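# Chain and residue survey
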Amino acid sequence: METVKHANQGHGVLRPKVRVWLLAALLLLTILNIALFYARQRENHVAEKPPQYHFYMILQNSVDPFWQDVRRGAQDAAKTLNVAIEFRAPQFNNSEEEQKYIDIATLSRVDGIITPAVNNPDFIKLINQATAQGIPVITIENDAKDSQRQAFIGSNSFMLGAEAGKLLNDAVQGKARVAVIMSSELEKDALTQNMIMNGFSSTLKDAPGIQVIKVYTPKMEILSTEEITQAVLRQGDINAVFCLDAINTVGVAQSIVDFNKVGKITVIGYGITPEIKNYIEKGVIHGTVVGNPYTIGYYGVKSMLEVKQNRTTSSVTDTGVQIVDKANMTSYEMQNSGGKP
Amino acid sequence: MNVKEFFRLTGLRKKLFIYYFCVMAMMGLTSYYSYYNAKYVLDKTNTIFMDYIHLNRLYVDINALESNLETFLATQSSDALLNYYNANNRLRAITDERPLGSSKDANDLMFVDIYHMTENLIKETDAAVTAKRGRNTDEYLAHFSNSQKISGYIDMYINDLLYNKLAAGSSQYETTARRMNLILGINAVILIASLLLNMLLALYLTYRITKPLVRLAQAAKRIAQEDYNIAAVSVGSQDEIAVLTQAFNQMVVSIRNHIAKLIQQKETEERLREQEVQNLTMKNLLKEAELKALQAQINPHFFFNTLNYAAQLAMIEGADASSTFIQKAAELFRYSLKGLDRPVTLADEVSNVESYSYILKARFSGRVDIYFNVDERLLDTVVPGLIIQPVVENALIHGIEGLDRKGLIYLNVQNSAQNILIEVIDNGRGMNEQRKAEILAVRPDPEKAHDYHTTGLGLRNVVERLMLFYNVSHASEVMEIYSQEGAGTRVVLKLPWKGEHEVVPIAGSR
């Protein structure tokens, strides 16, 4: 009797090869969709934890690298401490605009205001107004001592002057005739400038060979700085200049290059900008005294958080002074390229 | 239907389900991907514009609030107051509408500031309205100037925010547009690829699923055309079609087997019918032979009685030879009268030939001699009647008669391996090949029965009967003839030696 043989090859619907390809295609599509979904989800949830507080930081201007560093420090602190921070800055130094921002911050009922101050009645009034509404104010870089501000964070002006004196002494080896060019910035009130001068003078007391011949007060920044520099050069016997702000420092350096007096006059500057760095590298400026802007920004936020959480903080935080000259430029840059204090 | 049964996925159902699932999944995923991208682009654009719209409403309502307040303060118009309150309410609604999320994003923080300032603004304007109604001039002027200051701030913030948003929005739009082009491209590629893949899949799977069906259909068509010689259909699957195919293959085999059986049955039936015809023929032949015998001996009983009487008369008269002669002739007649349908023993046959030879000797008076050489052990063998005497008679008539010399006939009965051999040898004229062939070409056919020799049954009749009796198909199997013209003839009857041969019973015998 014949029998039927079982045809038993090839199981299932699909040949194994086709099955693998099909599965691969489906898998690819699924993964694509899941990846898309998660990418989208992540995009939607960038803000992880809601910030604890909303702080308001006012900067003196939006162009100066010093204030950019302050901002960077504050941003880093805000990120670390999980607070939201809003920045406001007039494009150029403008005390009235700063005051307006304090008013706005007060009206906006922020959790804290961090601002450079001017020790004048209008400014003090605004600070006190904010404080009265329960908004703590911390001053940075420039203090308004007479206001009800919670704390001041910045360099000690006396120390700043003293460091500048030391730098000059080292540069001229104890023998120089010095011209001092005061700051034209309105915020730098007489008190602060006097403190710097006091520091400067006290250092030079130990160096009898160094004499401060003249103190200039420019009226219109760079433009008048050029005139001052000309006057200084005309004077003939002056071989060192100490500038009390960054803009004047650049102005003086520029004039010295223009009049071809590089190397004949030792310039001690204040603050640090790309131009100043450039002039230090070229040897036009011997060195500069700098506050620690990053630290100022960082401690501004940190102290404000302390005020919010503990209702108190140390009323003055000295963020120190640094000297930048050709020798330590590289290490300064390294230190300030994003690291924390 | 049973739900469980419905969801049981087996065989063809499973295949179809998997196919549909694959196609649907692919299309689904593809469209989901497209949808997602479209939604992404839309969302991006939406957020940009939503904020614009929101800020614009805020701006318009603040301006309305301020201008209506100013009008009211100047004219104390109730319309202006009403409008003022409307703007007031709208502003409150707007500030409620966008929940103040806590975010670190600068623009969000500005939004928060704007809301708080708006609240302060409303506070100031409300105070101004209250003061105006209380006719407190100094106070309302102070509140009004305050409110103007705040609205100035808000305007500034809104402008800044709009500018920021515009800057961010335009850059976002640029990236989105760039991305959209890419996404559209990818979409198109994926769509086309998935479409192609689906098409291929559809083709492939349709082919896979229908291939066994097509094969089965082809095979079925051949079966319908009565072509059963088809190889077993093989399908490379394990589903209902495979079951169907297996059943189909089994069916083909069954049909083939059935047909073979039918053919076999038919053959058997035919053989049986042939045998029946043979039996009938033999019966006819017997009848014919008997008739011949009767015709040859007119009233044999009378003749036999007469012969008996003649024998007694001869004995009484003392003519012993005559008496014996007549006696032998009577015996010969009696044997013939016994009939052909009854099997006899070889002994009977031999004694019949002895009687015949006696008469022959007497008749031919010494011109013929017959010698017997019989193996006594074979005498009990059952054989058909009247098979030897016709052969001897034939030898006499065609061999010896008219011969000048003395005729000799030898009868030998002996045993061989398969046969009993009965030889009848004469030294007569012999026979030619044609005659020999004529005798041996005999077939058991009743139509030729008339050709017998008048005095006997003849060799042909003997051959036919032997063939029927022993059921053989060739004459040479029962008879051999060796002859030389002028020298003599030897006829050999070969009776198959099969022990006890069953005698075919013949109906209708006397």
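What follows is about the nonpolar core. Ranked by internal contacts, the top residues of the largest apolar core, which has 53 residues, are Ile409(B), Ile422(B) and Met479(B). Here Ile422(B) is in contact with Leu346(B), Ile388(B), Leu411(B), Asn412(B), Val413(B), Val491(B), Val492(B), Leu493(B) and Leu495(B), once residues within four sequence places are set aside.

Moving on: the packing of helix α2 (residues 11-75) of chain B against helix α5 (residues 137-224) of chain B. Residue and element names in this part refer to chain B. Two numbers describe how α2 lies on α5: the axes approach to 9 Å, and their chain directions differ by 165 degrees. In this view, α2 runs roughly antiparallel relative to α5, as classed from their interaxial angle. Our pair here, α2 against α5, has a crossing hand that is left-handed. Split into classes, the residues belonging to the contact of α2 with α5 amount to 36 nonpolar, 13 polar and eight charged.

In this section: the packing of aromatic side chains. Tallied over the entire structure, the rule returns 12 aromatic pairs over all chains. Seen from their ring centres, Phe200(A) and Phe242(A) are 4.4 Å apart, and the 25 degrees between their planes marks the pair as stacked. With Phe200(A) in helix α6 (residues 190-204) and Phe242(A) in strand β8 (residues 240-243), the pair connects residues that are 42 residues apart, well separated along the chain. Residues Phe17(B) and Phe21(B) carry aromatic rings whose centres are separated by 6.2 Å and whose planes lie at 20 degrees to one another, so their mutual orientation is stacked. Of this pair, Phe17(B) and Phe21(B) both sit in helix α2, four residues apart, roughly one helical turn. Its relative accessible area of 44% is what places Phe17(B) among the partly exposed residues. Phe21(B) gets classed as partly exposed once you look at its relative accessible area, which sits at 43%. Here the aromatic residues Tyr294(A), Tyr298(A) and Tyr299(A) are joined through ring pairs into a cluster of three or more. Positioned over the ring face of Tyr358(B) is Lys328(B), at 5.9 Å from the centre of the ring.

All names here are of chain B. By secondary structure assignment, the location of Ser194 is in helix α5. Take Ser194: its relative accessible area is 5%, and that puts it in the buried class. Aside from chain neighbours lying at most four places away, what touches Ser194 is Met26, Met27 and Thr30.

Moving on: the confidence of the model for chain A. Low pLDDT means the predicted atomic positions in that stretch should not be read closely. When pLDDT is averaged along chain A, the result is 82, and 87% of the positions lie at 70 or above. Segment residues 1-11 of chain A: pLDDT under 50, and 20 contacts once partners within four positions in sequence are set aside and those in other chains are kept.

Turning our attention to the pattern of salt bridges. Under the defined criterion, the tally for this structure stands at 17 salt bridges over all chains. Across the pair Arg149(A) and Asp143(A) runs a salt bridge, and its minimum N-O distance is 2.6 Å. For Arg490(B), the salt bridge goes to Glu423(B), with nearest N and O atoms at 2.3 Å. On the criterion of sequence distance, the pair formed by Arg490(B) in strand β7 (residues 488-496) and Glu423(B) in strand β5 (residues 419-426) is long-range, its members being 67 residues apart. Among the residues examined, Arg490(B) registers a relative accessible area of 28% and is labelled partly exposed.

Attention now goes to helix α2 (residues 65-81) of chain A. Residues spaced three or four apart along an α-helix point in a common direction, a consequence of the helix completing one turn every 3.6 residues. Residue and element names in this part refer to chain A. An ideal rise of 1.5 Å per residue puts 24 Å on 17 residues; α2 measures up with 24 Å between its terminal C-alpha atoms. Restricting attention to buried positions, one finds in α2 the residues Phe66, Trp67, Asp69, Val70, Gly73, Ala74, Ala77, Ala78 and Leu81. Positive phi shows up at Asn82, right after α2, with a value of about 55 degrees.

A separate point is the interface of chain A and chain B. Bring the parts together and some accessible area is lost; that lost area is often taken as the interface size. Across the boundary between the two partners, chain A contributes 45 residues, which contact 51 residues of chain B. Buried area between chain A and chain B, summed over both chains or domains, comes out near 4,500 Å², and the portion from carbon and sulfur atoms is 58%. In this structure, the salt-bridge partner of Glu119(B) is Arg109(A), at a minimum N-O distance of 2.8 Å. The tally of links between chain A and chain B comes to nine residue pairs in polar contact (both at pLDDT 80 or more). Contributions of two or more residues to the side of chain A that touches chain B are made by α1 (16-44), β1 (54-58), α2, β2 (84-88) and α3 (95-107) of chain A. The dominant element in the side of chain A that touches chain B, judged by the number of residues it contributes, is α1(A), at 12 residues. Counted by class, the side of chain A that touches chain B contains 24 nonpolar, 11 polar and 10 charged residues.

Moving on, we come to the sheet that holds strand β4 (residues 407-415) of chain B. Residues and elements named next belong to chain B. Taken together, the five strands give an open sheet; going across it, the order is β2-β4-β5-β7-β6, and neighbouring strands pair in mixed fashion. Across the chains shown, the open sheet's two edge strands, defined by having one partner strand only, are β2 (368-374) and β6 (479-484). Taken pair by pair, the neighbouring strands of this sheet meet at an average axis angle of 10 degrees, ignoring direction. Across seven bridges, the pairing between β2 and β4 is parallel. Bridged to Asn373 within β4 is Asn412.

Cut-offs applied
- Position labels on residues start from 1 in each chain and follow its written sequence.
- To read the labels, note that chains go from A and ligands from 1, taken in the order they are written.
- Note on the predicted model: pLDDT of at least 70 is required for a residue's local features to be given, and 80 or more for side-chain atom pairs to be given and counted; whole-chain, interface and lining totals, by contrast, use all residues.
- Side-chain metrics in this entry use all non-hydrogen atoms of the structure; hydrogen atoms and water are not considered.
- Among buried residues, the Ala, Val, Leu, Ile, Met, Phe, Trp, Tyr and Cys ones that are joined through side-chain atoms within 4.5 Å form a nonpolar core.
- Working definition: with a 1.4 Å probe on protein chains only, accessible area under 20% of the residue-type maximum means buried, over 50% means exposed, and in between means partly exposed.
- We call two residues in contact when some of their heavy atoms are within 4.5 Å.
- The angle between two axes is taken between their N-to-C directions and runs from 0 to 180 degrees, where each axis is a line fitted to C-alpha atoms and a helix contributes only its stretch in contact.
- Helix numbering and strand numbering both begin at the N terminus, where a helix is a DSSP run of H or I of at least 4 residues and a strand a DSSP run of E of at least 2.
- What sets the label is the angle itself: under 35 degrees gives roughly parallel, over 145 gives roughly antiparallel, 65 to 115 gives roughly perpendicular, and the rest give oblique.
- By the definition used in this description, the sense in which the near helix is turned from the far one sets the handedness, with an anticlockwise turn below a right angle giving left-handed and a clockwise turn giving right-handed.
- Each residue gets one of three labels, nonpolar for Ala, Val, Leu, Ile, Met, Phe, Trp, Tyr, Cys and Pro, charged for Asp, Glu, Lys and Arg, and polar for the others, Gly among them.
- Note on aromatic pairs: the rings of Phe, Tyr and Trp (six-membered ring only in Trp) are paired at centre separations within 6.5 Å, and the planes decide the class, stacked below 30 degrees, edge-to-face beyond 60, tilted for the rest.
- In this analysis the charged atom, NZ for Lys or CZ for Arg, is taken to sit over a ring once it is within 6 Å of the ring centre and within 35 degrees of the ring normal.
- Note: pLDDT gives the predictor's confidence per residue, expressed from 0 to 100.
- Throughout this description, the term salt bridge denotes a Lys or Arg side-chain nitrogen within 4 Å of a carboxyl oxygen of Asp or Glu.
- For a helix, the expected span equals 1.5 Å multiplied by the number of residues minus one.
- Each of two parts loses accessible area, computed with a 1.4 Å probe, when they are put together; buried area is these two losses added.
- Contacts described as polar in this section are N or O atom pairs within 3.5 Å, which, within protein, must combine one atom able to donate a hydrogen with one able to accept it, while residues neighboring in sequence count only if both atoms come from side chains.
- When DSSP locates at least two bridges between a pair of strands, those strands are taken to pair.

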